[in-house]
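Residues per chain, in single letters:
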Amino acid sequence: MGKGIGRREFFRSSGASLLTAGAALYPRDGVSAAAEGSPAKPQPSGDYKCKWYEFSEAKESDSCWSLSVGPDGRIYAAACAEGTPGGVVKVVRYNEAKDALDYLFDIDKMVDDPGDSGRASQCKIHYSFVPSMHDGILYMATHLSAAPIDQVAYSAWLSWHDEKRCFRGSALLAFDTKTDQVKWWQTMIPKEGCRCLLHDEERGLLYAISDPRDHLHIFDLKRRTRRDVGRLGSINSQALFLDKKHRVWTTNDYGHLVRYDPEKDRLEVSPFVLPHNPEFQTGWHSVFYDVAPSPDGECVYAATWIANSYMMRIWPNEGDWPRVEDLGPNTQKRDPTVSVDTFVDHCGGLTFAGDGQLYYVASRWRDPVYNPMGPEHKEREGVVWRLNPATLEKEEVTCLVHPRELAQYVSRGAVDHNGDLFFGHVGSRPSGIFKVEMPADRKKENAHLPIRMWG
Amino acid sequence: MSEKKPKIDYNSPKVRAQIDEIVHGTFVKQGTMLAFPTGFPGATISILPDESHITALDVSPQGLVYGGTSGKRSHIIVGMFHGVTGMVFDMKAVEGATHCPAVCCGKNKLLACVNGPSGGGRILTTGLHGLPFDLIQEWGFQRPAFDDLGECAAGEPIVHAVADASRDRVVGATTHHLFSVDFASPKIRVVAEVSGSGRLAVGSKGGILGPDGKGHLWRFDPQTQKLEREAFKLPAGRWDKTPLVWARAGQSGLLYTADAGGQLFSFDEERGFSAALGKTLLAPVYCMAATFDGRVFGSCGSGIAKMFCYDPGRREVTNLGVAVSVFERRRYGYVFGDAVTGRDGEIVFGEDDDGGHLWLYFPRIQAASA
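Residues numbered from 1 in each chain as written. Chains lettered and ligands numbered in written order. Predicted model: local features only at pLDDT ≥ 70, side-chain atom pairs only at ≥ 80, totals over all residues.

Digging into the overall build of chain A
Let me state the cut-off plainly: A run of H or I in DSSP counts as a helix once it spans at least four residues, and a run of E counts as a strand once it spans at least two, with each numbered from the N terminus. Burial is judged by counting other C-beta atoms within 10 Å of a residue's own C-beta: 20 or more means buried, 12 or fewer means exposed, and anything between counts as partly exposed, with every C-beta placed from the backbone.
Summing up its helical and strand segments, chain A has 2 helices and 29 strands in all. Counting every position in chain A, which comprises 455 residues, the buried fraction comes to 57%.

Structure, rendered in structure tokens:
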């Protein structure tokens, strides 16, 4: 029987038991089977040491959607549990002294919305850690998707009007990294989750994209009030970014840039479509997956959320609409007549490191026609790439190594104040994070600065 | 200037209306057609144009639309149009096959018949497809494995096949033999010699019917596996020029067919054939299907086909014009190879053309009688 691998199936199964991508694919006449994007050539990983940190005290965790560096330069991660009815996210921090994880708190207890409430639970934080540098606060906002504790699944559309089942809303928490206390919390977006969050610290504003209605919201931190700016579409963009003019940028369903300009107080849509595969895509679903700011603040690097994700460089401070450079596909060629699972074909974890280079993780998988990797490779791999912004040359520096599972899916990446790389993993239970120790000559203190202001 | 050429006032409302009628009234006069490509729009390419002639359709109990294509290579496809879906999944490209005369849905299995340039028609089976996760959000598909049951009769192409009323088995015909396959234990059983020359149908009492020579139908009982030759005499008409096609009203089991001149008849296993019900604007009739209120919709005529409707309440045949899709896919439809009734009574047409699409036809809602 044909098997559709969706979100539910992915979280029910371990990463290792997922489909063997490409096993039933066939070549088309006249199509080269040469790989692109991430060719299968093993690289020595000795200089970049990889270590796995499991969420061992969050047994139900199945994903780490948020991983960010806090205002204190330490790494924070979300141990999410969306595949478990009534699942609750735990906030975790990497403890460099112990070389281990500290479990800070369970969200449900902090926001008085217990996992056994019968409602959709506070199961995850989804690209929604943002720092506040002047006061050491780490803001975080919760997201939905786990079923109520006694249901097999949750549909936000089905339960929208059901007071007993509907998600209470995205809870916004202000966590003080100096005292390890939650200073305050409140429901930021009633009934909806927060897909991604951004902080305009100069203006004291948070920007959030809600799910399922896909609206952009502005939260005033001083007044603690929220304003709904309007609808973006149906597919959540997975990232927001900020430019020097305090404009907030994201994407819509059809691969256009969307910006909110505070001067105009409206959403504007670009007259062009972002780079995508021209053979089997149209721009539809080429929403942002991850966006990393260049250290000089002049441009950002973005990867899209669709199979055969594309990398691009966007210069938001230039021109009426930005110059967008197409940096090509992040993943390999494939049979264009069948869609590769979006949990198999993926790119995320974009972050600049102390050496001024962009790092990110792109998946690579065995495909009998398009990427026939040898037995020295795993079925699917998470390849850590290093992109030189000056030359745009990219170099495979290592592969992520999970002790039991495959490691092709990385959500977010960040660099801590010591200059080491961290990546959030999706696809194992318990979930966890990877630390990739940077080579000494590529490492520097406070490499996380200037800090990224969005999740 | 010729005196025959009338003077035309292009500004007159009457002339403008005539122009509109000629330009727009030519197309889908009632209801709405949507052409859906043979892929996942925005995520995969469609089946190659010369492999995408859709010549066979069936609908599963769950409402998914299965199909088979013909051309340089046959593909077995499944279309999903309800829930958060909206795609056609190319389940298999069948090497060595260039024609798909039939796909048949059982309760949980699919059986596909394919012919190639050499050898006899083969039968392939696989499980029915489940609904995927939300296809606006995230997805992934793996092509299923198929079992190849081999040739039905050595060297003979398959002409047509249907699932019986119970969906427990398939009955089909090659050019010279009748065969039967149980979904539960799929083995091909050749049950008789018949000359297959047109499509088969499931009668109102569950009998399987097929053309028997130039003037009759045979009837096969799928339960007892008994074949009755020349069970029914075809009504007066031209039956030797084009292969038989059928539509079946799901509620009553009443069948409709048309002769080579487009004369429509109904057929019931107890009462036999009706008198001629009417005549389509063009002939032959290539395919047709009945919706839940009994109306029959089909496609007739060569080159640029026109759709028709037979309304049994009014006992009239109406020309519905040329197929056109103006939603998302902007396309004219010229040739249709098969038609089935979808989950909600919409008619699904398989386009038998290069770059073939699945066309969903939503008939006009009829006004309530006073």
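Having seen the structure, we can now continue with the description.
Some thoughts on unusual backbone geometry
All names here are of chain A. The omega torsion of the bond from Asp211 to Pro212 falls at 15 degrees, within 30 degrees of zero and hence cis. For Pro212, the position within the fold is in the loop between β12 (205-211) and β13 (215-220). A cis geometry characterises the amide bond from Leu449 onward to Pro450, with omega recorded as -5 degrees. Relative to the assigned elements, Pro450 resides in the segment after β29 (432-437). You will see that Asp99, though not glycine, has its phi angle at about 50 degrees, which is positive. In this structure, Asp99 sits in the loop between β5 (90-95) and β6 (100-106).

With respect to the sheet that holds strand β4 (residues 75-79) of chain A
Residue and element names in this part refer to chain A. Heads up, the rule is: A strand pair is defined by DSSP finding two or more bridges across the two strands. As a rule, the C-alpha atoms of each element are fitted with a line to give its axis, helices using only the stretch in contact, and angles between N-to-C directions run from 0 to 180 degrees.
What the 4 strands build is an open sheet, ordered β3-β4-β5-β6; its pairing is antiparallel. This sheet does not close on itself; its edge strands, each paired only once, are β3 (67-69) and β6. Sheet twist, expressed as the average angle between the axes of neighbouring strands with direction ignored, equals 25 degrees. Pairing analysis gives 6 bridges linking β5 to β6, with the strands arranged antiparallel. Within β6, the position partnered with Arg93 by the bridge is Asp102.

Section: the confidence of the model for chain A
Residues and elements named next belong to chain A. Using the following cut-off: pLDDT gives the predictor's per-residue confidence on a scale running from 0 to 100. What counts as a contact here is a pair of residues whose C-beta atoms, placed from the backbone, lie within 7 Å.
Mean pLDDT over chain A stands at 91; residues scoring 70 or higher make up 90%. Here residues 1-5 is modelled with pLDDT under 50, and outside its nearest four sequence neighbours on either side it reaches 25 contacts, counting other chains as well. Note on residues 13-45: pLDDT under 50 across the span, and 75 contacts to partners over four residues away in sequence or across chains.

Some remarks on the sheet that holds strand β6 (residues 99-105) of chain B
Residues and elements named next belong to chain B. The 4 strands are arranged β6-β7-β8-β10 in an open sheet whose pairing can be described as antiparallel. Each edge of the open sheet is held by one strand with a lone partner, namely β6 and β10 (147-151). Each adjacent strand pair in this sheet contributes to an overall mean axis angle of 20 degrees, direction not counted. Across 6 bridges, the pairing between strand β7 (residues 109-115) and strand β8 (residues 122-127) is antiparallel. Bridging across to β8, Lys109 finds its partner in Gly127.

Remarks on the pairing of β12 of chain A
All names here are of chain A. Burial runs high along β12: 6 of the 7 residues are buried. The pairing of strand β11 (residues 193-200) with β12 spans 7 bridges and is classified as antiparallel. Bridge pairing in β12 links Gly193 to Asp211. Linking β11 to β12, which pair antiparallel, is a turn of 4 residues; within it Gly204 sits at a positive phi near 65 degrees. Alignment of β12 against β13, held across 5 bridges, turns out to be antiparallel. Pairing of Ala208 across the sheet is with His217, part of β13. Hairpin connection from β12 to β13: 3 residues lie between these consecutive antiparallel strands, with Asp214 at a positive phi of about 60 degrees.

What about the pairing of strand β5 (residues 87-94) of chain B?
Residues and elements named next belong to chain B. Among the 8 residues in β5, 7 count as buried, and that is most of the element. In terms of strand pairing, strand β4 (residues 74-80) meets β5 through 7 bridges, oriented antiparallel. Residue pairing in the sheet places Ile77 in a bridge with Asp90 of β5.

A short note on the environment of Val94 of chain B
Residues and elements named next belong to chain B. One can find Val94 in strand β5. Its 23 C-beta neighbours within 10 Å are what place Val94 among the buried residues. In this structure, the C-alpha to C-alpha distance between Val94 and Ala275, residues 181 residues apart in sequence, is 43 Å. With residues up to four places along the chain from it excluded, the contact list for Val94 reads Arg73, Ser74, Ile76, Val114 and Leu124.

Side note on the environment of Ser299 of chain B
Residues and elements named next belong to chain B. Checked against the element boundaries, Ser299 lands in strand β25 (residues 296-300). C-beta crowding within 10 Å serves as the criterion here: with 32 such atoms nearby, Ser299 is assigned to the buried category. Separated by 19 residues in the primary sequence, Ser299 and Thr280 have C-alpha atoms spaced 9.2 Å apart. The residues contacting Ser299, other than those within four sequence positions of it, are Tyr286, Cys287, Ala305, Met307, Phe336 and Phe349.

Quick look at the confidence of the model for chain B
Summing up the model confidence of chain B, the mean pLDDT is 96 and the portion of residues at 70 or higher is 99%. Interface confidence for the predicted complex, given as ipTM, is 0.80, next to a pTM of 0.87.

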